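# Residue-level structure breakdown
Listed below, chain by chain, are the residues.
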Amino acid sequence: MKIYTKTGDEGLTSLATGERVAKTDVRVEAYGTSDELNSIVGWVRAALPSEAQKEDDQLTYIQNRLFDLGARLAGAELESDQNLISSLEQWMDAMQASLPECHDFILPAGNEIVTRCHIARTITRRLERCILRLEKGTYKESDLIFVNRLSDYFFLLSKSLGQLTSTPISRWIKAK
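Only a predicted model underlies this, so the values are computations on that prediction, with no experimental measurement involved.

## Points about helix α3 (residues 84–97)
For α3, which comprises 14 residues, the first-to-last C-alpha distance of 20 Å matches the rise-based estimate of 20 Å (1.5 Å per residue) to within 8%. Regarding α3, the residues found buried are Leu 84, Ile 85, Ser 87, Leu 88, Trp 91, Met 92 and Met 95. An end-on view of α3 places all buried positions within 160° of arc, on one side of the element. Along α3, the residues that are exposed and aim more than 90 degrees away from the buried face are Gln 90, Asp 93 and Ala 97.

## A short note on the environment of Asn 83
Inspection of the secondary structure puts Asn 83 in the loop between α2 (53–73) and α3. Taking the C-alpha atoms as reference points, Asn 83 and Ser 158, separated by 75 residues in sequence, lie 23 Å from one another.

## Here we look at the packing of helix α1 (residues 26–46) against α2
Packing of α1 against α2 brings their axes to within 9 Å, and their N-to-C directions diverge by 165°. Overall, the two elements α1 and α2 adopt an arrangement that is roughly antiparallel. Between α1 and α2 lies a crossing of left-handed hand. Here α1 contributes Arg 27, Ala 30, Tyr 31, Ser 34, Leu 37, Asn 38, Val 41, Gly 42, Val 44 and Arg 45 to the contact with α2, which in turn contributes Asp 56, Leu 59, Thr 60, Gln 63, Leu 66, Phe 67, Leu 69, Gly 70, Arg 72 and Leu 73. Partitioning the contact of α1 with α2 into residue classes produces 10 nonpolar, 6 polar and 4 charged.

Analysis parameters
Residues numbered from 1 in each chain as written. Predicted model: local features only at pLDDT ≥ 70, side-chain atom pairs only at ≥ 80, totals over all residues. Heavy atoms only, no water. Helix = DSSP H or I, 4+ residues; strand = E, 2+ residues; numbered from the N terminus. Expected span 1.5 Å × (residues − 1). Buried < 20%, exposed > 50% of the residue type's maximum accessible area, 1.4 Å probe, protein only. Arc of directions from axis to C-beta. Axes fitted to C-alpha atoms, helices over the stretch in contact; angles between N-to-C directions. Parallel < 35°, antiparallel > 145°, perpendicular 65-115°, else oblique. Left-handed = near helix turned anticlockwise from the far one by under 90°. Contact = heavy atoms within 4.5 Å. Nonpolar A, V, L, I, M, F, W, Y, C, P; charged D, E, K, R; others polar.

So far we have only geometry, and geometry alone does not tell us how the molecule works.
Right, dumping it as structure tokens:
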């Protein structure tokens, strides 16, 4: 079986329901952004230090849930993982407990893994905006909560991995 189908050659694609829509449709933008984020999460995983097995396990779980989200955004009837949001919150609570207080805005910088986490965070925020542009009823409220928590997760993960790799935080210095 060939990978190319030629069915999208004129700018249309199929949703999971079989409905054909323009590739510029807001739903395609949403699940495409979810797919982009999933690829970035894989890129984060590729740079994890060997001692970050727990984080790798978390990110693997997140990648699977992002595939679920993308399928739902494409119209698939797929249930949400009931433990997803509480898992993210528990992981964030554990990370935050081990990090020093920081009330400054921080720059997306430091080292490669920290910066990759910030890229994941910003793509997650774009995914959230894409979902919010969808009609009510075409996404689950729990999906929106998942994505909102996920951006916070990537922020804390950047700080946690910065600490693990002894990378200082780059604080924002306001113009004078």
